[in-house]
Amino acid sequence: MLIRFLPSLICRDIHLGLNNLRLHAMRSFLTMLGMIFGVASVIAMLAVGQGASEDALEQIRQLGSDVIVMESVDSVSNDNQRQGQNFFNVYGVTYLDVMRLRDTIPNVRRIVPIKIRYERVVTQAQEIAVRVVGTTTHWFDLVNRPLVAGRFFTSLDEQRHHAVAVITERLGRQLFPLQAVLGNFVRAGGNVYRVVGVIRSTAAASNSVTSPARDNDIYVPLTVMRQCTGDILVSRLSGRTIREKVELHQVFIQMSSEAVVESVATAIDHLIARFHRKEDVAIKIPLVLLRQAEETQRRFNIVLGAIAGISLLVGGIGIMNIMLASVTERTREIGIRRAIGARRHQIVSQFLIETVVLSCSGGFLGCIVGLILPWTISKITGLSTVVTSGSLVLSLLISLSVGIVFGLYPAIRASKLDPIAALRHE
Amino acid sequence: MAAKNDALIVLQQVSRCYGAGDSLISALNNVDLSIESGKTVAILGRSGSGKSTLLNVIGCLDPISAGTYQLNDQDVSKLDDDALSILRLESFGFIFQSFHLIPQLNVLENIELPLYYLGVEAKLARERAKSLAAIMSLDDRWLHRPAQLSGGQQQRVAIARALVNDPAILLADEPTGNLDAATGSQILSVLHRLADEGKTVVTVTHDQSVAYTMDRRLYMLDGRIVRTDESRNEARTSEINVGDFSC
Ligand SMILES: Nc1ncnc2c1ncn2[C@@H]1O[C@H](COP(=O)(O)OP(=O)(O)OP(=O)(O)O)[C@@H](O)[C@H]1O
Ligand SMILES: [Mg+2]
């Protein structure tokens, strides 16, 4: 019989709980504030953490997890050495390295060598800093950036040394605001290229070196770039001359499957170590970076969550405090209920439900604030935030358990009161 | 003393002491009492003589310090807290000296409180509460809080609540204390009707005329029952029994 009426009993208790909360609206609200901010900060922290991790992971993910990146790094650490007038710095991945890789490494889907020059393009209105990227046609398969107009350059362009270029949409607009972009000419680094294609700019401006694409990019056939500009770069920087020879700046090696990535990376490492006397090539594996980033992010989230959890704890203690006060205040009511015939567990459940109603309404309001807060953070700071449904559910569960944990003691205390003494209480 | 097997309530050498050591007060002192089912009993005595305490002991609300209390041939002092609660819930109706209504609840909610703990369906409980409120002439005060009622109205709510679970034993602590003569006699006739239905009624009163409508009168002094009087004044009963209540 009791089982059948249990839902209606609980409904009445919830109703009574809400009634009591309404009776002390101000007090309940202040008590709930603790929960509201606790829950909101949990959600906001998780949202910020999630947003940051998705930002970081997106950059790495752009490359794909089946890719190995070789990068030329300047290994000269000694500045005095660099200062020498005739010092000539030779480092990095060479064309020969790429050929060796082609010959020796199995399971390779494509190898994309990249040569980078930073140039300035002068238009009538302004001077635009651009990145000229010499590469092969495979690059476009690798990064998968959609074509807006025209075409990619082809292997025929490479073989025949056609001075053609594919530029980013944004650069196109900057260079030729009033003219047709396709078929126009762009002069960069002492060479003139005919624009044959326009690709979409990346949405997120990524500054990472491993990032394959930037916004002001001009993609040209590697063969043409090599022929025109050579491998030697002489630049004057704050009064000193830097001479360096770098054949290739980056090489992307896409494997046939994710599984072989790490073993191949070690193989490449050995190969490079054999032919390079200096440590001038860095091997980066986005897959590993991804994993590391995820791991870091996970720990970061735990710390953030723990900090937010403390505020929830404080909210819970506030609730317990107010419920203890409420038990004292309502001693006579408890006495009356007991005298009429309420059993101890019924008193416990009444107070417990009241606390849970309190904490869950706090949790619910906290969820609303928790949705607004990250949105505000994004608007103000520009950080990207992501509120997951999981964090909402988690917060509600936490507020439920806070209600139970912190409500239990006051409820049990209420039920332990001696009915007669409670009735006499004023 | 009546034979044990036909008595509903049997107290033997019951004492109830409050406090400890030097400040020990014995509110009940070696009380012997037996009440048969269906009887009406009035308890009289000076203030502080232990009337309310006796009523609380009978109602399983106050544990006894010494002696034995048998209710329906069952030793009450051996029951645990839950069993006592259920006993109070199912067998007793309490009308407290100071009403003891729950201030947060309105009239109907107060009246149906015992039904709530009995697990009666909300709709049925509401109907029963309404019919009792009607009997107590509280029809127009259903949704008022106790604080919005007069003393007499509060008392009538308390009486309705005591009757709502249809108890076998009604314990009333000065049920007519706050009522005018007419309303008081109406309440009294309700009590007598319940007695006619076979319910046991124990009431504390200072009013001799009320006491004389009962089957038995117990006079208390300093925690003892000093005199018992079983004669019933039929004339007074009929005189008072003019209430126009339909129960
Ligand atoms: N919790 C308690 N602690 C100490 N003494 C108590 C307690 N409850 C009752 N007493 C004492 O027991 C005695 C009897 O109290 P009780 O309430 O039974 O009196 P009463 O006969 O109902 O009086 P009244 O007619 O004024 O209601 C009183 O002297 C009172 O002081
Ligand atoms: Mg009294």
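Bear in mind that the values here come from a model prediction, so they are computed numbers and not experimental data.

Participant: Provide a residue-level description of the overall build of chain A, including the pertinent values.
Facilitator: Counting its secondary structure elements, chain A contains 14 helices and 13 strands. Burial analysis of chain A (426 residues in total) assigns 47% to the buried set. Here the contacts in chain A between residues at least 6 apart in sequence split such that 78% fall between residues at least 24 apart.

Participant: Before we move on, could you go through the environment of A:A129 and cite the residues and values that matter?
Facilitator: Residues and elements named next belong to chain A. Looking at the secondary structure, you find A129 in strand β4 (residues 127-135). Sequence separation between A129 and D217 is 88 residues, and the spatial gap between their C-alpha atoms is 9.4 Å. If we ignore the near neighbours within four places in the chain, the residues touching A129 are E119, R120 and N216.

Participant: I'd like to hear about the layout of surface pockets, residue by residue, with values.
Facilitator: Remark: the empty space left among the atoms is shown by a probe the size of a water molecule rolled over them. Its boundaries defined by the atoms lining it, the largest pocket holds a volume of some 480 Å³. If you go around the largest pocket, you meet 26 residues; those closest to its centre are A:R424, B:S52, B:N56, B:Q97 and B:D173. Elements with a minimum of two residues in the lining of the largest pocket: α14 (419-424) of chain A together with α1 (51-58), β6 (92-95) and β7 (169-173) of chain B. Counting residues per element, the lining of the largest pocket draws most heavily on α1(B), at five residues. Looking at the lining of the largest pocket, its residues break down into nine nonpolar, eleven polar and six charged.

Participant: Tell me about helix α8 (residues 222-229) of chain A, and name the residues and values.
Facilitator: Residues and elements named next belong to chain A. Here α8 has its buried residues at L222, V224 and M225. An end-on view of α8 places all buried positions within 160° of arc, on one side of the element. Of the surrounding elements, those touching the buried residues of α8 are α4 (95-104), β3 (108-122), β4, β8 (191-199) and β9 (217-221).

Participant: Give me the lowdown on the environment of B:N29, citing residues and values where you can.
Facilitator: All names here are of chain B. Turning to its location among the elements, N29 is positioned in strand β2 (residues 25-36). C-alpha of N29 to C-alpha of A66: the two residues are 37 residues apart in sequence and 9.1 Å apart in space. In this view, N29 contacts V14, S15, D222, G223 and R224; residues no more than four positions away in its chain are not counted. There is a polar contact of 3.5 Å between the side chain of N29 and the side chain of S26.

Participant: Before we move on, could you go through the sheet that holds strand β1 (residues 7-18) of chain B and cite the residues and values that matter?
Facilitator: All names here are of chain B. One open sheet accounts for four strands, arranged β2-β1-β4-β5; its pairing is antiparallel. Looking at which strands have only one partner, the edges of the open sheet turn out to be β2 and β5 (74-75). Looking at chain direction, strand β4 (residues 66-71) and β5 are connected through two bridges and run antiparallel. Of the residues in β5, the one forming a bridge with L71 is Q74.

Participant: If you had to explain the state of the cysteines to someone new, which residues and values would you point to?
Facilitator: For the coordinates displayed, the defined rule picks out zero disulfides over all chains. Sulfur of A:C360: no disulfide; nearest cysteine sulfur belongs to A:C367 and is 9.9 Å away.

Participant: How would you explain the coordination of the magnesium ion (ligand 2) if you had to name every residue and give the values?
Facilitator: All names here are of chain B. Around the magnesium ion (ligand 2), the protein contributes the donor atoms S52 (OG) and Q97 (OE1), at 1.9 to 2.3 Å from the metal centre. Highlighted residues: S52 in helix α1 and Q97 in the loop between β6 and α3 (107-111), separated in sequence by 45 residues. Residue classification places Q97 among the partly exposed residues on the basis of a relative accessible area of 42%.

Participant: Give me the lowdown on the confidence of the model for chain B, citing residues and values where you can.
Facilitator: Should pLDDT be low for a region, the predicted coordinates there are not to be read in detail. Here chain B shows a mean pLDDT of 86. Residues at 70 or above account for 91%. Under the prediction, the complex receives an ipTM of 0.89, its pTM being 0.69.

Participant: Outline the site of ligand 1, supporting the account with residue identities and numerical values.
Facilitator: Lining the immediate surroundings of ligand 1 are 14 residues, of which B:S47, B:G48, B:K51, B:S52 and B:T53 lie closest. Near ligand 1, the surrounding residues are drawn from chains A and B. At a separation of 2.6 Å, an oxygen atom of ligand 1 approaches a polar side-chain atom of B:S47. Measuring from an oxygen atom of ligand 1, one finds a side-chain N or O atom of B:T53 at 2.6 Å. The fraction of the free accessible surface of ligand 1 (630 Å²) that becomes covered by protein chains is 70%. Listed by contribution, the elements that provide at least two residues to the shell around ligand 1 are β2 and α1 of chain B. Among the elements that take part in the shell around ligand 1, α1(B) stands out by supplying three residues, more than any other. Looking at the shell around ligand 1 residue by residue, the classes come out as three nonpolar, eight polar and three charged.

Participant: Account for the interface of chain A and chain B, naming residues and giving values.
Facilitator: Each side of the interface is counted separately: chain A has 29 residues, and chain B has 29 residues. Summed over both partners, the interface of chain A with chain B buries about 2800 Å², with 56% contributed by carbon and sulfur atoms. Of all residues in chain A, A:R12, A:I340 and A:I420 give up the largest surface area on contact with chain B, accounting jointly for 23% of the area buried on that side. Across the contact surface, chain A and chain B share two salt bridges. In this structure, B:D81 and A:R344 form a salt bridge, with 3.5 Å as the shortest nitrogen-oxygen distance. Here chain A is connected to chain B by seven residue pairs in polar contact (both at pLDDT 80 or more). Counting only elements with at least two residues in the side of chain A that touches chain B, the list comes to α1 (2-23), α11 (331-340), α12 (344-381) and α14 of chain A. Looking at which element gives the most residues to the side of chain A that touches chain B, the answer is α1(A), with ten residues. Of the residues assigned to the side of chain A that touches chain B, the class counts are twelve nonpolar, six polar and eleven charged.

Participant: Pulling in residues and values, what's your account of unusual backbone geometry?
Facilitator: Even without being glycine, A:H161 reaches a positive phi, approximately 55°. For A:H161, the location among the structural elements is in the loop between α6 (155-159) and β6 (164-168). Classification of A:H161 as partly exposed rests on a relative accessible area of 34%. For B:E174, which is not glycine, the phi torsion reads 50° and is therefore positive. With respect to the helices and strands, the residue B:E174 is situated in the loop between β7 and α7 (181-196). Owing to a relative accessible area of 18%, B:E174 belongs among the buried residues under this scheme.

Participant: Could you give an account of the pairing of strand β12 (residues 250-255) of chain A, naming the residues involved and the relevant values?
Facilitator: Residues and elements named next belong to chain A. In terms of residue burial, β12 counts as a mostly covered element, since six of its six residues are buried. What you see with β12 is no split at all: Q250, F252 and Q254 on one side and V251, I253 and M255 on the other are buried throughout. Of the strand pairs in this sheet, strand β1 (residues 67-72) and β12 are connected by five bridges, and their pairing is antiparallel. Counterpart to E71 in the pairing with β12 is Q250.

Participant: Lay out the pattern of salt bridges with the relevant residues and their values.
Facilitator: Taken as a whole, this structure holds 27 salt bridges over all chains when the rule is applied. The salt bridge partner of A:R337 is A:E333, with a shortest N-O separation of 2.9 Å. With A:R337 and A:E333 both in helix α11, this residue pair falls four residues apart, about one helical turn. Close ionic contact of B:E197 with B:K199 constitutes a salt bridge, the shortest N to O distance being 3.5 Å. Residue B:E197 is classed as partly exposed on the basis of its relative accessible area, which comes to 49%.

Participant: Report on the confidence of the model for chain A, specifying residues and quantitative values.
Facilitator: Residues and elements named next belong to chain A. Here chain A shows a mean pLDDT of 83. Residues at 70 or above account for 90%. Model confidence for chain A, summarised as mean pLDDT per element, is weakest for helix α3 (residues 79-83) at 57 and strongest for α11 at 92. Counted against residues more than four places away or in other chains, residues 204-213, with its pLDDT under 50, gives 28 contacts.

The rules behind the values
Residues numbered from 1 in each chain as written. Chains lettered and ligands numbered in written order. Predicted model: local features only at pLDDT ≥ 70, side-chain atom pairs only at ≥ 80, totals over all residues. Heavy atoms only, no water. Helix = DSSP H or I, 4+ residues; strand = E, 2+ residues; numbered from the N terminus. Buried < 20%, exposed > 50% of the residue type's maximum accessible area, 1.4 Å probe, protein only. Contact = heavy atoms within 4.5 Å. 1 Å grid on protein atoms, 1.4 Å probe; cavity = no way out; pocket = protein on both sides within 12 Å on 5 of 7 lines; lining within 4 Å. Points joined across faces, edges and corners; volume = space filled by probe spheres on them. Nonpolar A, V, L, I, M, F, W, Y, C, P; charged D, E, K, R; others polar. Arc of directions from axis to C-beta. Polar contact = N/O pair within 3.5 Å; in protein donor to acceptor, adjacent residues only side chain to side chain. Pairing = 2+ DSSP bridges. Disulfide = S-S within 2.5 Å. Donors = N, O, S within 2.8 Å, 3.2 Å for Na, K, Ca; no water. pLDDT = per-residue confidence, 0-100. Near = heavy atom within 4 Å. Areas by Shrake-Rupley, 256 points an atom, 1.4 Å probe, with all protein chains shown as cover. Buried area = accessible area lost by both parts, 1.4 Å probe. Salt bridge = Lys/Arg side-chain N within 4 Å of Asp/Glu carboxyl O.

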